[in-house]
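The primary structure of each chain is shown beneath.
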Amino acid sequence: MDLEKMLRMQTDNDQYVRASTRHYTYQDIGKWIAAKIDNPDYNKLRLGADIMKYLLEQLDTSKSLMENTEIGKKMKELGTE
């Protein structure tokens, strides 16, 4: 396999991973919001604050996972993260 084909495949893979990650993230958030709204005891006035809290928790979790990969550790070591 030539270098150009390998680079194209890697780019395609990266784009797929990013798009699928976004897709599943938004799908997960949608399900989470729907579950909150469907609960008759839930105070819907809290929805905005609860969404923000949930997103911040998810950001912390994903950042921690990223930083604990070999690539994440190397990026941090290089000062790029």
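Below is a short write-up of the structure.

Cut-offs and rules
- Residue numbering note: each chain is counted from 1, following its sequence as written.
- Given that this is a predicted model, residues contribute local features only at a pLDDT of at least 70 and side-chain atom pairs are listed and counted only at 80 or more, while totals for whole chains, interfaces and linings are drawn from all residues.
- Neither water nor hydrogens contribute to the side-chain values; these are computed over all heavy atoms in the structure.
- Two rings from Phe, Tyr or Trp (for Trp, the six-membered ring) form a pair when their centres sit within 6.5 Å of each other. Planes less than 30 degrees apart are called stacked, planes more than 60 degrees apart edge-to-face, and all others tilted.
- Helix numbering and strand numbering both begin at the N terminus, where a helix is a DSSP run of H or I of at least 4 residues and a strand a DSSP run of E of at least 2.
- Here the term buried applies to any residue with accessible area under 20% of the maximum for its type, exposed to any over 50%, and partly exposed to those in between, with areas from a 1.4 Å probe on protein chains only.
- Salt bridges are defined by distance alone: a side-chain nitrogen of Lys or Arg within 4 Å of a carboxyl oxygen of Asp or Glu.

## Side note on the packing of aromatic side chains
Here the structure, examined in full by the defined rule, presents 1 aromatic pair. Their ring planes at 15° and their centres at 4.4 Å tell us that Trp32 and Tyr54 sit as a pair that is stacked. Taken together, the residues Trp32 in helix H1 (residues 3–38) and Tyr54 in helix H2 (residues 47–67) connect sequence positions 22 residues apart. The same class applies to Trp32 and to Tyr54, which are both buried.

## With respect to the pattern of salt bridges
A side chain with one charge may pair with a side chain of the opposite charge, provided their charged atoms come close. Under the definition given, this model contains 5 salt bridges. Between Asp50 and Arg46 there is a salt bridge whose closest N-O contact spans 2.9 Å. Exposure remark for Asp50: the relative accessible area of 11% places this residue in the buried category. Linking Glu77 and Lys74 is a salt bridge whose minimum nitrogen-to-oxygen distance equals 3.2 Å. A residue pair is termed a helical-turn pair when its members lie 3 or 4 positions apart in one helix, as Glu77 and Lys74 do in helix H3 (residues 70–78) at 3 residues.

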